[in-house]
Amino acid sequence: MKVKSPLEVYKFLPQTNCGECGYDTCMSFAAQIIDRNVKPTDCPPLVENAKKDKKFEKKLKELIALTSPEIAEVIIGVGDNAVKIGGEDVLHRHELTYFNPTAFFFDVWDTMDEAQIDERCSRVVEYRKFYVGDFITLEGIAVRCTSNDPEKFRKAVKKVAEYGKPMILVALNPECMRAALEEVADQRPLIYAATKDNWREFLELALEFKVPVTLRSKDLNTLKSMAKTFKESGVSDIVLDPVTEPVGEGLKATFERVVQLRRTAILGEDKDVAYPIMITPIAAWLIDGDEVTKGYWETVIAATFIVKYADVMIFRNLEQYTVMPSVILRYNIYTDPRTPVQVEPGLREINNPGPDDPVFITTNFALTYYTVESDLTSNNIKGWLLVLDTEGLGVEVSVAGGQFTAAKVKDLIKETGVEEKVNHRYLIIPGLAARLQGAIEDETGWTVLVGPMDSGRIKGWLEKQWPPKSKE
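Residues numbered from 1 in each chain as written. Predicted model: local features only at pLDDT ≥ 70, side-chain atom pairs only at ≥ 80, totals over all residues. Heavy atoms only, no water.

1. Here we look at the overall build of the protein
For the record, the criterion: Each helix is a run of DSSP H or I of at least 4 residues and each strand a run of E of at least 2, with the numbering of both proceeding from the N terminus. Residue exposure (1.4 Å probe, protein chains only): buried if accessible area is under 20% of the type maximum, exposed if over 50%, otherwise partly exposed. Contact between two residues is taken to exist if any of their heavy atoms lie within 4.5 Å; hydrogens are not considered. Residue-level accessible areas treat just the shown protein chains as cover; the underlying method is Shrake-Rupley with a 1.4 Å probe. A residue counts as positive if it is Lys or Arg and as negative if it is Asp or Glu; His and the chain ends are not included. Lys charges are placed at NZ, Arg charges at CZ, Asp charges at CG and Glu charges at CD.
Along the protein, the regular secondary structure elements total 17 helices and 17 strands. A buried classification covers 49% of the 472 residues belonging to the protein. A fraction of 64% describes how many contacts in the protein between residues 6 or more apart in sequence connect residues 24 or more apart. As displayed, the protein has an accessible area near 22,500 Å², and 49% of this comes from carbon and sulfur atoms. The protein carries 58 positive and 71 negative side-chain charges, and their two centres are separated by 3 Å.

2. Side note on the UniProt feature "binding site: 5-methoxybenzimidazolylcob(I)amide" (unreviewed entry) in the protein
What counts, and what does not: UniProt positions are given in the numbering used here, feature names are shortened, and annotations may be inferred rather than shown by experiment.
On the UniProt side, "binding site: 5-methoxybenzimidazolylcob(I)amide" (unreviewed entry) is annotated at positions that read Thr362, Thr368, Gly392, Leu393, Gly394, Val395 and Ser455 here. Following the sequence through the fold, Thr362 ends up in strand β14 (residues 359-363). Since its relative accessible area comes to 2%, Thr362 is described here as buried. If we ignore the near neighbours within four places in the chain, the residues touching Thr362 are Thr368, Tyr369, Val372, Leu385, Leu386, Val387, Leu388 and Val395. Note on Gly394: relative accessible area 18%, which makes it buried. Those residues in contact with Gly394 that lie beyond four places of it in its chain are Thr363, Phe365 and Thr368.

3. Structural notes on the sheet that holds strand β10 (residues 238-241)
Hydrogen bonds between backbone groups are what pair the strands of a sheet, and the pairing can be parallel or antiparallel. Applicable threshold: A pair of strands is considered paired only if DSSP assigns at least 2 bridges between the two. An axis is simply a line fitted to the C-alpha atoms; with a helix, the fit covers only the stretch in contact. Between two such axes, the angle follows the N-to-C directions and lies from 0 to 180 degrees.
Pairing is parallel across the open sheet formed by eight strands, whose spatial order is β10-β9-β8-β7-β6-β3-β12-β11. Both outer strands of the open sheet, β10 and β11 (278-279), are each paired with one neighbouring strand and no more. Both β11 and strand β12 (residues 312-315) contribute to a ladder of two bridges, which runs parallel. Considered in β12, the bridge of Ile279 is made with Met313. Strand contacts of helix α5 (residues 114-126): β3 (103-109) and β6 (140-144), with the helix running at about 170° to β3, the strand carrying the most contacts. Set on the sheet, helix α7 (residues 174-184) makes contact with β7 (167-170) and β8 (190-194); between it and β7 the angle comes to about 155°.

4. Comments concerning the nonpolar core
The cut-off we apply is this: Among buried residues, those of type Ala, Val, Leu, Ile, Met, Phe, Trp, Tyr and Cys that are joined through side-chain atoms within 4.5 Å constitute a nonpolar core. Each domain's extent is set by a domain assignment, obtained either automatically or from a database.
Core analysis: the largest hydrophobic core is formed by 110 residues, its most contacted members being Ile168, Leu169 and Leu215. Among the elements that line this core, the one with the most residues is helix α10 (residues 248-266), at six residues. Both of domain 2 (71-334) and domain 3 (346-465) provide at least three residues apiece to this core. Not counting residues within four places of it along the chain, the set of residues in contact with Ile168 comprises Phe105, Ile141, Ala142, Val143, Leu190, Tyr192, Met278, Val312 and Ile314. Judged by nonpolar contacts, the second largest core, of 21 residues, contains Val359, Val399, Leu412 and Ile440.

5. Points about the pattern of salt bridges
Our working rule: The term salt bridge refers to a side-chain nitrogen of Lys or Arg lying within 4 Å of a carboxyl oxygen of Asp or Glu.
Applying the stated rule across the entire model yields 28 salt bridges. The shortest N-O distance in the salt bridge between Lys159 and Glu162 comes to 3.5 Å. What makes Lys159 buried here is its relative accessible area of 15%. One salt-bridge network, in which partners are shared between bridges, spans Asp107, Arg120, Arg144 and Arg316.

6. A few points about the side chain of Asn198
Applicable threshold: A 3.5 Å cut-off defines polar contacts: any pair of N or O atoms within that distance qualifies, except that in protein one atom must be a possible hydrogen donor and the other a possible acceptor, and neighbouring residues in sequence count only when both atoms are side-chain atoms.
Tracing the backbone through its elements, the reader meets Asn198 in the loop between β8 and α8 (199-209). Polar contacts involving the side chain of Asn198 include one to the main-chain carbonyl oxygen of Leu172, which spans 3.0 Å. A distance of 2.6 Å separates a polar side-chain atom of Asn198 from the backbone nitrogen of Thr195. Apart from residues lying up to four places away in sequence, Asn198 is in contact with Leu172, Pro174 and Ala193.

7. Considerations on the side chain of Thr280
As for its position among the elements, Thr280 is in the loop between β11 and α11 (291-307). Using a relative accessible area of 8% as the deciding quantity, one classes Thr280 as buried. If we skip the residues at most four places from it in the chain, Thr280 touches Tyr192, Thr244 and Ile314.

8. Let's talk about the domain arrangement of the protein
Accessible area lost during the coming together of the parts is what is often quoted as the interface size. Along its sequence, the protein is carved into domain 1 (6-67), domain 2 (71-334) and domain 3 (346-465). Spacing between the C-alpha centres of domain 1 and domain 3 amounts to 45 Å.

9. Section: the state of the cysteines
Formally: The disulfide criterion used throughout: a pair of cysteine sulfur atoms within 2.5 Å.
Using the criterion set out here, one finds zero disulfides in the structure. No disulfide involves Cys18; its nearest neighbouring cysteine sulfur is the one of Cys21, lying 6.1 Å away. Left unpaired, Cys26 is separated from the closest cysteine sulfur, that of Cys18, by 6.2 Å.

10. Some details on the environment of Leu205
Of note, Leu205 is situated in helix α8. Note: C-alpha distance between Leu205 and Arg178 (27 residues apart in sequence) is 7.0 Å. When near neighbours in sequence (up to four residues on either side) are disregarded, Leu205 contacts Pro174, Met177, Arg178, Leu181, Ile191, Lys210 and Val211.

11. A word on a nonpolar patch on the surface
Going by this rule: Only residues whose relative accessible area exceeds 30% and that form no salt bridge are eligible for patches; like-charged ones are grouped when within 9 Å, while nonpolar side chains (Val, Leu, Ile, Met, Phe, Trp, Tyr) are grouped when within 5 Å.
A cluster of nonpolar side chains, contributed by Val247, Trp297 and Val300, occupies part of the molecular surface with about 210 Å² of accessible area. Inspection of the secondary structure puts Val247 in the loop between β10 and α10.

12. Let's talk about the packing of helix α3 (residues 44-52) against helix α4 (residues 54-67)
Here is the rule: For classification purposes, angles smaller than 35 degrees are called roughly parallel, those larger than 145 roughly antiparallel, those between 65 and 115 roughly perpendicular, and all remaining angles oblique. Crossings are classed by handedness, with left-handed meaning an anticlockwise turn of the near helix from the far one by less than a right angle and right-handed meaning a clockwise turn.
Between α3 and α4, whose axes approach to 6 Å, the crossing angle comes to 130°. Considered as vectors, α3 and α4 are oriented oblique to each other. Taken as a pair, α3 and α4 cross one another with a handedness that is left-handed. Along the contact surface, α3 presents Leu46, Val47, Asn49, Ala50 and Lys52, while α4 presents Lys54, Phe56, Glu57, Leu60 and Leu63.

Quick look at the structure:
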């Protein structure tokens, strides 16, 4: 995106504050464009004016060009399961954020029997990893043509399509690819791959079936030339595969090619290579070694290119020692560094509490909340947990910064109705918020008990402090 502030966008808008876009003012709409929550074409007057007047049409096109991401965004699949790849604006996450997490596809192949295909597809579809308040899932399935038989490939692709996940169709034989596309083109699969030997046939397939296409070459000049040819022929949904070599000097050379591609696209503003990048950790299965060794190398390759700059990957290994570190690393790299990870504020009931059980309070910073919630739950502590909106900050920082205040605690107690759920007026605050004890008592009328610094010590603390001894 070439523009960085709402003011730069605002001058292209009608500036009438009509509200037809759903926002109160044109400036609000401009801010949403910068945050990539809306597109310029979501402004009805702007679009209508462009239809009637060439001057406004030029203005709209200019705004679209200025607000488009540096790397093209490509969609694989359709409906709710469709996955977006690419769409990045920066080389380094701290400059802004990364937008579309690397999409993970796991392979099946057409010489497997139906039971084997079902077993692997089910593992992909059913994978869920709970992490910091979210369930992480896997994006799709790559169907490889190992038979070189169009009908076998067609049959396997049709079987996998039943699972509703986005697909990558992997075949270098255009006849096999055509057979598969005749079956599932309406599911918008990514086809893999056009090379210097078959690119003409793949160009025809991409145009005829209107599907995204991967271009594959270790030579970056060849890759760029193919991308330019496809773009000029009318194919804009392009993914670049600079060929993944799994170990040693080959892996180093792969890394250099990937970095060069992305730097050329963003810093060099070379639109001929400004497309999502494909990396294939599955290449680790070409090296010598047992399955565990290959799985480890697959993890190494994935980790290297999740950090820089893979937009989509194809894996083989579905064991946890490959999948779990890869999805966790991806989650953390693609978390917006401008916004702390948060949970909803409110009241949580821990282990079916009763009216005599204690009331705790913590912040809505996700790591703090899940640590406290886990310590209470795993120690079988019954209680009421108030979660204060501190804008995603932890206890110590929010106390110092003014997000954790006595007035906000009072409001939270009223909003959640916890007063009607318990028979007492004792509130246990974190040890790191001890300095607020008097202020909270004055503001709420509750007696405040200062708990331990570490929620892992709550159980021992309660054994000595709960129920509280009444003051004589």
